[in-house]
Amino acid sequence: MTEQPTHYQSIRQMSDALVAKEISAAELADVHLKRIADLDGRIGSYLAVTPEHARDQAAAAQSSIDSGNASPLTGVPMQLKDNLATRGIITTCASLMLEKFVPPYDATVTSALASAGAVLLGKGNMDEFAMGSSTETSAFKPTRNPWDLDRVPGGSSGGPAAAVASGLAPYSLGSDTGGSIRQPASFCGIVGLKPTYGLVSRFGLIAFASSLDQIGPLTRTVEDAALVMNVIAGPDLNDSTSISRPALDYTIGLRDGVKGLRIGVVPEYFGDGIDPEVSRLAHEAIQQLKALGAVISEVSLPNSTAALAVYYVLSPSECSANLARYDGVKYGFSTPDAPNMMTALEATREGGFGTEVKRRMMMGTYALSAGYYEAYYKKAQQVRTLIRREFDAAFEKVDVLITPTTPTTAFKLGEIQDPVVMHANDVCTVPANIAGIPGLSIPCGTIDGLPVGLQFLGAHLSEAMLLRAAYAYEQASSWHTQHPVL
Amino acid sequence: MTDQPQRLTEDEVRRVATLCRVGLSDDEVESLRDEMAGLIAEVSVLKSIDTTGVEPTSHAVEGVRSVMRDDTPRAALTVADVLSNAPRREGDYFRVPAVMDHGEG
């Protein structure tokens, strides 16, 4: 870790350098802005870059540093996924529907980071309305995987993952509805954490599927994920699903190791469709954790295999309800001169939504419609109960479950056209959203130069333990010190 | 394994599109006939799971209750902020197309 160039340093290292006055907040922002200008034309991880805003925030951060009031994120740059509201800064959700939308308020996470002295570099590309697993459904441009520019970065938080992996931001916030933080983190060789449902306020997150959505960090190290969680986790009166829980320092206990930690390996996550090389690397990581003192056992979760079907009923259904707000009246894309409201609604959505969003609205509406509600939506909610109970039972026997994050490494742009095949990318990640539990992905090796991710799952509010287990593995491996050649 | 899923009729696709007020081109209707059939087949595995007597979960985390704040006035967005993204407005109002079918309302 010692000889990293500035743009690949961890948040902790950047913070230390700022406090030691080895670099100023303005200089640190400029290092990143210059690198974005030089490289992002090839990667496409930003939808908007905000240099003036960054310099203003850097100046304010410098005052805090100079007066001895710096916290670990003060003066450290960052990116936000473009579905997080930023007051006065365009927020598109990668959709024509919101191409010109300038939020009149900040998301709670946006203001929490600003209060901590964070410096916003810009907004990250994503799948339109976070619907996708490759960032190819962005209405504006694809994002490329920095490890191989012919490949996707994953999605929907593909911009954030590619930016963090290529040193265009030390960290970013993404959202994860079925794997949208963890899968791109896996494809891009970085750390991604989906916290417990309700732990991070979603006020100002443009809604996709409200019983599943959660905001979380994408970082290059496990400690950095803990530092970001310290700022963004916590109750919020503006989010009715927010968990009331006092603030926690997620760095405490990070170095306590995994001696005696009970780790469960789930055979269902190593079965059909999982690349044997991915399985092999995951098992190697498990052996390494065992060598560090963890106690490994096998835990079967048979209902997990139905999680994908549950997800692809619940998420389109909730999406069809959430996206009903786009009426072309209050904000967003609008077609002029429609003769009446019904025609206007249809024309607004025909022109404003892309193919994937329309498909999900259609599927969700179908599943909720008369005659199908019981067979699909209600049934999926019942199976959701079974999946949740199965996890509850598992976490009475073990502390942490380990799985691969994704069945394969990153695929090529344009390679997957069939939506059902695309969905298979989420097979290991959706169960956590279904059960509301936290999941963390960390790099555990490469196949033909492409990163592979290892997923840690824990009981509700077990983030500190997941971070501790991941930190122990990270410190015993060197994957986090490897970066793409650009 | 499973049979080739039966494609939806054009009418079925258009009925759903009307329910969610999403305008579709003829080409989109045509491809959705197959794609929706594929998506329905994808989730039909649920039918084989016994859920007799199982309560549905709408919320995966117990203890998440609707957050209520005190009913006291607090600062809200200004009218200018609220209207700042309106595609069409008249004074301090959003302008909407006619809801009834007789010209602008």
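Because the structure is a prediction, the values reported are computed rather than measured. (Residues numbered from 1 in each chain as written. Chains lettered and ligands numbered in written order. Predicted model: local features only at pLDDT ≥ 70, side-chain atom pairs only at ≥ 80, totals over all residues.)

J.: Let's hear about the overall build of chain A: which residues, and what values?
T.: When helices and strands are tallied, chain A shows 15 helices and eleven strands. Computed over the C-alpha atoms, the radius of gyration of chain A is 21 Å, within 12% of the 23 Å expected from 2.2 N^0.38 for a compact globule of 486 residues. Reported as C-alpha extents along the three principal axes, the dimensions of chain A are approximately 65 × 55 × 45 Å. Split into buried and exposed, the 486 residues of chain A put 62% on the buried side. Contacts in chain A between residues far apart in sequence, at least 24 positions, make up 76% of those at least 6 positions apart. (Helix = DSSP H or I, 4+ residues; strand = E, 2+ residues; numbered from the N terminus. Rg over C-alpha atoms; globule rule 2.2 N^0.38 Å. Buried ≥ 20, exposed ≤ 12 C-beta atoms within 10 Å, placed from the backbone. Contact = placed C-beta atoms within 7 Å.)

J.: Outline the overall build of chain B, supporting the account with residue identities and numerical values.
T.: Within chain B, the regular secondary structure consists of three helices and two strands. Helices and strands in chain B line up, N terminus first, as α-α-α-β-β. In chain B, which comprises 105 residues, the proportion classed as buried is 19%. The long-range fraction of contacts in chain B, counting pairs at least 24 apart against all pairs at least 6 apart in sequence, stands at 40%.

J.: Any details on the interface of chain A and chain B? Residues and values, ideally.
T.: The interface of chain A with chain B comprises 61 residues on the first partner and 46 residues on the second. Contributions of two or more residues to the side of chain A that touches chain B are made by α9 (307-322), α10 (341-352), α11 (355-368), α12 (374-397), α13 (419-423) and α14 (430-435) of chain A. A total of eleven residues in the side of chain A that touches chain B trace back to one element, the largest contributor, which is α12 of chain A. Of the residues contributing to the side of chain A that touches chain B, the split by class is 32 nonpolar, 18 polar and eleven charged. (Nonpolar A, V, L, I, M, F, W, Y, C, P; charged D, E, K, R; others polar.)

J.: Can you tell me about the sheet that holds strand β5 (residues 191-194) of chain A, naming the residues and giving the values?
T.: Residue and element names in this part refer to chain A. Strand order across the open sheet formed by eleven strands is β1-β3-β2-β4-β6-β5-β10-β11-β9-β7-β8, with mixed pairing between neighbours. The sheet is open, and its two edges are formed by β1 (46-49) and β8 (295-298), each paired on a single side. On average, adjacent strands in this sheet sit at an angle of 30° to one another, irrespective of strand direction. Running at roughly 150° to strand β3 (residues 119-124), helix α3 (residues 51-66) makes contact with β1, β2 (77-81) and β3 of the sheet. (Pairing = 2+ DSSP bridges. Axes fitted to C-alpha atoms, helices over the stretch in contact; angles between N-to-C directions.)

J.: Go over the packing of α9 of chain A against helix α2 (residues 26-43) of chain B with me, naming the residues and quoting the values.
T.: It is at 8 Å that the axes of α9 of chain A and α2 of chain B come closest, and there the two elements cross at 130°. Classified by the angle their axes make, α9 of chain A and α2 of chain B are oblique. Along the contact surface, α9 of chain A presents A309, Y312 and V313 of chain A, while α2 of chain B presents L39, E42 and V43 of chain B. Of the residues that constitute the contact of α9 of chain A with α2 of chain B, the class distribution is five nonpolar, no polar and one charged. (Parallel < 35°, antiparallel > 145°, perpendicular 65-115°, else oblique.)

J.: Pulling in residues and values, what's your account of the packing of α9 of chain A against α12 of chain A?
T.: All names here are of chain A. For the pair α9 and α12, interaxial distance at closest approach is 9 Å and the crossing angle is 130°. On the basis of the axis angle, α9 is oblique to α12. Once α9 is placed against α12, the crossing between them reads as left-handed. Residue-level inspection shows A307, V310, V313, L314 and S317 of α9 in contact with α12, the latter providing Y376, Y377, A380, V383, R384 and I387. Classifying every residue of the contact of α9 with α12 by side-chain character gives nine nonpolar, one polar and one charged. (Left-handed = near helix turned anticlockwise from the far one by under 90°.)

J.: Talk me through unusual backbone geometry; I want residue IDs and the actual numbers.
T.: All names here are of chain A. Cis rather than trans, the peptide bond between G155 and S156 has omega equal to 5°. Looking at the secondary structure, you find S156 in the loop between β3 and α5 (158-165). Phi angles above zero are rare outside glycine, and A94 is one such case at about 55°. Inspection of the secondary structure puts A94 in the loop between β2 and α4 (108-115).

J.: Explain the confidence of the model for chain B to me, using residue names and the numbers behind them.
T.: Residues and elements named next belong to chain B. Taken as a whole, chain B shows an average pLDDT of 88; of its residues, 88% reach a score of 70 or greater. Summarising per-element confidence for chain B, the mean pLDDT is lowest in strand β1 (residues 89-90) (94) and highest in helix α1 (residues 10-19) (97). Reported for the predicted complex are a pTM of 0.97 and an ipTM of 0.91. (pLDDT = per-residue confidence, 0-100.)

J.: For the environment of L314 of chain A, give the residues involved together with the corresponding values.
T.: Residue and element names in this part refer to chain A. Residue placement: L314 occurs in helix α9. Assessed through the 29 C-beta atoms surrounding it within 10 Å, L314 is described here as buried. Spatially, the C-alpha atom of L314 lies 8.8 Å from that of L212, the residues being 102 residues apart in sequence. If sequence neighbours within four positions are ignored, L314 has contacts with A209, S211, L212 and A380.

J.: Mind laying out the nonpolar core, listing which residues take part and the relevant values?
T.: Looking at soluble globular proteins, one finds that nonpolar side chains tend to be buried together. Membership of the largest hydrophobic core comes to 163 residues, with the highest contact counts inside it found for V119, V310, V313, M362, V400 and A470 of chain A. The greatest single-element share of this core, amounting to nine residues, is contributed by α9 of chain A. (Core = buried A, V, L, I, M, F, W, Y, C linked by C-beta atoms within 7 Å.)

J.: Go over the pairing of strand β10 (residues 439-447) of chain A, please, and point to the residues and values.
T.: All names here are of chain A. By the criterion of burial, β10 is predominantly enclosed, with seven of the nine residues buried. Relative to β10, β5 runs antiparallel, the two sharing three bridges. Within the sheet, the bridge partner assigned to K194 lies in β10 and is G439. In the sheet, β10 pairs with strand β11 (residues 450-458) via eight bridges, with the strands oriented antiparallel.

J.: Go over α4 of chain A with me, naming the residues and quoting the values.
T.: Residue and element names in this part refer to chain A. Within α4 the residues assigned to the buried category are T108, V109, T110, A112 and L113. Among the structural elements, β2, β4 (171-175), β6 (215-219) and α7 (222-232) are those in contact with the buried residues of α4. Taken from the residues just after α4, G117 is the one with a positive phi, measuring 90°.

J.: So what's going on with the pairing of β5 of chain A? Residues and values would help.
T.: Where a strand is regular, its side chains alternate between the two sheet faces. Residues and elements named next belong to chain A. Where burial is concerned, the two faces of β5 agree: the one with V191 and L193 and the one with G192 and K194 are both buried. Pairing of β5 with β6, which is carried by two bridges, proceeds in the antiparallel orientation. Note that in β6 the partner of G192 across the bridge is L218.

J.: Give a detailed account of the environment of S478 of chain A, specifying residues and quantitative values.
T.: Residues and elements named next belong to chain A. In this fold, S478 is placed in the segment after α15 (463-476). Assessed through the 10 C-beta atoms surrounding it within 10 Å, S478 is described here as exposed. In sequence terms S478 and G351 are 127 residues apart; their C-alpha atoms lie 47 Å from each other.

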